[in-house]
Amino acid sequence: WTQEDIEIIRQDFPALKQLARGKPLVYLDSGATALKPKVVVDAEVEHLLYGASNVHRGVHFLSEQATRKFEDSREKARAFLNARETSEIIFTSGTTAGINLVAYSFGSLLKAGDEVLISHMEHHSNIVPWQMLCERQVVVLLVAPIDDRGELIMEEFARLIGPKTRLVAITALSNALGTINPLQEIVRLAHAKDVPVLFDAAQAAPHMALDVQALDVDFLTISSHKLFGPTGVGVLYGKRALLERMPPFLGGGDMIRSVSFERTTYAPLPAKFEAGTPNISGVIAFGVALDYINKLGLARIAAYEHELLDYGTKVLSTVPGLTLVGTARHKASILSFTLDNVHPHDIGTMLDQDGIAIRAGHHCAQPVMSRYGVPATARASLAFYNTKAELDLLAQSLRKCVEVFS
Ligand code: PMP
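Residues numbered from 1 in each chain as written. Predicted model: local features only at pLDDT ≥ 70, side-chain atom pairs only at ≥ 80, totals over all residues. Heavy atoms only, no water.

Rules: UniProt positions are given in the numbering used here, feature names are shortened, and annotations may be inferred rather than shown by experiment.
The name an unreviewed UniProt entry gives the protein chain is Cysteine desulfurase, with Planctomyces bekefii as the organism. The record in UniProt for the protein chain states the following under Function (unreviewed entry): "Catalyzes the removal of elemental sulfur and selenium atoms from L-cysteine, L-cystine, L-selenocysteine, and L-selenocystine to produce L-alanine." Among the UniProt annotations of the protein chain, the heading Sequence similarities (unreviewed entry) holds the following wording: "Belongs to the class-V pyridoxal-phosphate-dependent aminotransferase family. Csd subfamily."

Right, dumping it as structure tokens:
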């Protein structure tokens, strides 16, 4: 993409036209949540204004229309992940909900002493649900270590998959380090021992194409809000055979075939895992967000973002006292760093004065912070609407920060 192409793309995002603290907004926090193109918001508003109606039950015009659009989004999500069938696409409220669903439902099939293997670079949402499972069912949580670059140590990872391992749950792309994990290799090693794999793709999905069939992954979770869609929507992909074996998670309307006080039977997939009225307008708008991403093309997005990441890595290296946290060989979209003698929260506050939005903190990945011996990092996270000029502004503002605090 040329600079003109990016300028045209930026026009789709009204948020980018505003000032923050009197300066043009520089949004470098897409890893927390992505900005929304106007078409996505328009689709949600239009549904709420004219199409509001429940799905899967009414016989009237609006309900049929809402159901069709809702199910169209499911088909779009299926195509986006290249799942075999739409019945393998479960709408959730986000990645956190998807992982909790697997931890409760798949987890309920585990026995005392069984093991779940995660890694040292997981987001809290891929740690805590497993710890809760461990408490409920005396399951054991094992953690694969990472090296100083922020890469999984594959020999250790392979060694930790043993006869009692029942699931490997690993992030596809670390939100705290930017590491892209070797997805194919992880699946190969786990499947060699008949262990299913879950990928937390919350952070990966906006930056790289994910093909669940090519990867042969068993579960995968994504969040709409990181994919330029609304909050409160996500997808859990699961292989049909596994989802069939798993008991329902939440009970209620929509997930049943028939209910009596003597005996209730459950609906087939995917309804079995979708109790209650879903976020209908959000799901419909999420479908439009996927259309938008497809129009740009994930291959082109990834190529441009790599260029940005390389450029950002270069300009940040010119800032005195700056240390990048996370220097994996395969990285995307994340520049996590510390500055000598400046607390990350002070960095965030200083940059904010220049209209630059970054995140400062532990990024819901406290074990990663302790691995590197820091309480927090500052994190600039990129999307395709960012520019090299914005990264220059970031470096410039950081230099000012160094001067103020030195
Ligand atoms: N995993 C990763 C790697 C993430 O970056 C995030 C969001 N920061 C999550 C899981 C949780 O996603 P959500 O808050 O959308 O449920």
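**A closer look at the sheet that holds strand β8 (residues 197–200)**
Our working rule: Here, a strand pair is defined by DSSP locating no fewer than two bridges between the strands. Labels follow the DSSP assignment, with helices taken as runs of H or I lasting at least four residues and strands as runs of E lasting at least two, numbered in each case from the N terminus. For every element, the axis is a line fit to its C-alpha atoms; helices are fit only across the contacting stretch, and the angle between N-to-C directions ranges from 0 to 180 degrees.
The seven strands are arranged β4-β10-β9-β8-β7-β5-β6 in an open sheet whose pairing can be described as mixed. A single partner strand is all that each edge strand has here, and the edge strands are β4 (89–92) and β6 (140–144). Between one strand axis and the next, the sheet turns through 20° on average, direction left out of account. The pairing of strand β9 (residues 219–223) with strand β10 (residues 234–238) spans five bridges and is classified as antiparallel. Considered in β10, the bridge of L220 is made with Y237.

**What to know about the packing of aromatic side chains**
Basically, it comes down to this: We call Phe, Tyr and Trp rings a pair once their centres come within 6.5 Å, taking the six-membered ring for Trp, and we label the pair stacked below 30 degrees between planes, edge-to-face above 60, and tilted otherwise. Any residue under 20% of the maximum accessible area for its type is buried, any over 50% is exposed, and the rest in between are partly exposed; the area is computed with a 1.4 Å probe on protein chains only. Charge-over-ring placement is defined geometrically: NZ (Lys) or CZ (Arg) within 6 Å of the ring centre, and within 35 degrees of the ring normal.
Applying the stated criterion across every chain, the model contains 12 aromatic pairs. With a centroid separation of 5.8 Å and an interplanar angle of 85°, the aromatic rings of F13 and Y292 are classed as edge-to-face. Pair noted here: F13 is in the loop between α1 (3–10) and β1 (19–20) and Y292 is in helix α10 (residues 280–296), with a separation of 279 residues, a long-range link. Taken individually, F13 and Y292 each receive the classification buried, so the pair is uniform in this respect. Aromatic ring contacts, followed pair by pair, group F13, F228, Y292, F384 and Y385 into a single cluster. One Lys or Arg, R136, reaches over the ring of Y104 and ends 3.8 Å from the middle of that ring. Of note, R371 hangs over the ring of Y372, and the distance from its end group to the ring centre comes to 5.3 Å.

**Examining the UniProt feature "domain: Aminotransferase class V" (unreviewed entry) in the protein chain**
Under the UniProt annotation, the feature "domain: Aminotransferase class V" (unreviewed entry) is placed at residues 26–394. Counted over residues 26–394, helix gives 38% and strand 17%. Its end C-alpha atoms are 8 Å apart.

**Quick look at the site of the ligand**
Formally: Put simply, a residue is near a molecule or strand once any heavy atom of it comes within 4 Å of that molecule or strand. Under this definition, polar contacts are N or O atom pairs within 3.5 Å; protein pairs additionally need one hydrogen-donor-capable and one acceptor-capable atom, and for neighbouring residues in sequence, both atoms have to be side-chain atoms. Per-residue and other accessible areas were derived by the Shrake-Rupley procedure at a 1.4 Å probe size, with only the shown protein chains allowed to occlude residues. Throughout this entry, Asp, Glu, Lys and Arg are counted as charged residues, while Ala, Val, Leu, Ile, Met, Phe, Trp, Tyr, Cys and Pro are counted as nonpolar. The remaining residues, Gly among them, count as polar.
Around the ligand, 13 residues are found, and the nearest of them are T96, D200, Q203, S223 and K226. At 2.6 Å, a side-chain N or O of T96 approaches an oxygen atom of the ligand. Out of a free accessible area of 400 Å², the ligand has 87% covered by protein chains. Across the shell around the ligand, the residue classes tally to two nonpolar, nine polar and two charged.

**A closer look at the layout of surface pockets**
Our working definition: The way it works is a 1 Å grid over only the protein atoms, where trapped points that fit a 1.4 Å probe form a cavity and open points with protein on both sides within 12 Å along at least five of seven lines form a pocket, and then any residue with an atom within 4 Å of a point lines it. Grid points are joined across faces, edges and corners, and a volume is the space filled by probe spheres set on the points.
Space inside the largest pocket adds up to approximately 290 Å³. Along its surface, the largest pocket is lined by 16 residues, and F91, T92, S93, F273 and A275 are the ones closest to its centre. Listing elements by their share of the lining of the largest pocket, those giving two or more residues are β4 and α4 (95–105). Residues of the lining of the largest pocket, tallied by class, amount to nine nonpolar, six polar and one charged.

**Some thoughts on empty space enclosed by the protein**
One pass over the structure, following the stated rule, counts two cavities of 30 Å³ or more. As for the largest cavity, its lining consists of H207, A302, E305, H306, L309, K331, A332 and S333. Residues that form the lining of the largest cavity fall into these classes: three nonpolar, three polar and two charged. The space that makes up the second largest cavity amounts to roughly 30 Å³. Along the walls of the second largest cavity sit S30, A34, Q203, P206, H207, K226, F228 and A383, which together make up its complete lining. Looking at side-chain class alone, the lining of the second largest cavity contains four nonpolar, three polar and one charged residues.

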